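Okay, here's what each chain looks like letter by letter:
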Amino acid sequence: MGPVLPNAPFGLAWYQGDIETNQHGRARQNFVGRFNIETFIVAQPPGGQPAPVVHDQPPFPDASMNPATEPVHTFHLGLWFNSPQDAQAAGCPDTATRFNGDHNAGIQVLSTRNFPDLQGPLMQLTP
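These numbers were taken from a predicted model, which means no experiment stands behind them.

Thresholds applied
The numbers attached to residues start from 1 for each chain and follow its sequence in the written order. Since the coordinates come from a predicted model, pLDDT governs what is reported: local features require at least 70, and pairs of side-chain atoms require 80 or more to be given and counted, while whole-chain, interface and lining totals use all residues. Values shown for side chains rest on all heavy atoms present in the structure; no hydrogens or waters enter the calculation. Under the DSSP-based scheme used, a helix requires at least four consecutive residues in state H or I and a strand at least two consecutive residues in state E, with every element numbered from the N terminus. Whether two residues are in contact is decided by their heavy atoms: any pair within 4.5 Å suffices. To qualify as a nonpolar core, a set must consist of buried Ala, Val, Leu, Ile, Met, Phe, Trp, Tyr and Cys residues joined through side-chain atoms within 4.5 Å. Each residue's exposure class comes from its accessible area (1.4 Å probe, protein chains only) as a fraction of the maximum for that residue type: buried when under 20%, exposed when over 50%, partly exposed otherwise. Throughout this description, a polar contact denotes any pair of N or O atoms lying within 3.5 Å of each other; where both atoms belong to protein, one of them has to be capable of donating a hydrogen while the other can accept it, and for residues adjacent in sequence the pair is counted only when both atoms sit in side chains.

**Q** Is there a simple way to think about the environment of glutamate 70 in this case?
**A** Positionally, glutamate 70 belongs in strand E6 (residues 69-73). As a C-alpha pair, glutamate 70 and valine 109 span 39 residues in sequence and 30 Å in three-dimensional space. Those residues in contact with glutamate 70, other than ones at most four positions away along the chain, are Ile41, Val42 and Pro45.

**Q** How should I be thinking about the nonpolar core in this particular structure?
**A** Across soluble globular proteins, nonpolar side chains have a tendency to be buried as a group. Listed in full, the five residues of the largest apolar core are Met1, Phe10, Trp80, Phe99 and Ala105. With residues near it in sequence (within four places) discarded, phenylalanine 99 still touches Met1, Phe10, Ala13, Tyr15, Trp80 and Ala105.

**Q** What should I look at first to understand the side chain of asparagine 100 in this one?
**A** With respect to the secondary-structure elements, asparagine 100 resides in the loop between helix H1 (84-89) and strand E8 (108-111). The class for asparagine 100 is buried, based on a relative accessible area of 5%. Here the side chain of asparagine 100 touches histidine 103 through a polar contact of 2.8 Å, landing on its backbone nitrogen. A polar contact of 2.9 Å, which involves the side chain of asparagine 100, links it to the side chain of asparagine 104. Residue contacts for asparagine 100: discarding those within four places in its chain leaves Tyr15, Asn82 and Ala105.

**Q** What should I look at first to understand unusual backbone geometry in this one?
**A** Leaving glycine aside, a negative phi is the common case for residues, and trans is the common case for peptide bonds. Looking along the chain, the bond that leaves alanine 8 and enters proline 9 is cis, with omega of -10°. Its place among the elements puts proline 9 in the loop between strand E1 (2-3) and strand E2 (13-14). Of note, the bond from proline 58 into proline 59 is cis; its omega dihedral lies within 30 degrees of zero at 10°. Relative to the helices and strands, proline 59 resides in the loop between strand E4 (49-50) and strand E5 (65-66). A positive phi angle, close to 65°, is found at histidine 103, a residue other than glycine. If you trace the backbone, histidine 103 turns up in the loop between H1 and E8.

Just distances and angles here, no functional claims.
Structure below.
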């Protein structure tokens, strides 16, 4: 996930994909994308545009309209438990969040909070 800020409230963020761990907590995944100082989100103004609704169930249904926004850079990274049950099994709160492909993830596990809020590690990478 690429959020604007490393911890809640995140601001704009994008979902990149899943990483599944084995019984030892180890995982490996390759993600292809632009992960550098040019990473941003934009929704063409003026006004919002229609957006597809894939997930329509509470508590985190999809928006049916894109908000208009100028480019917003997303330099931070975060990882979340796949479900509240997975978080609880690891001794964490079983709070539901929207940060997986089905919008039913658990809490955040890792983030780049050791970097300043508006200067995440992707800001240091050049294309």
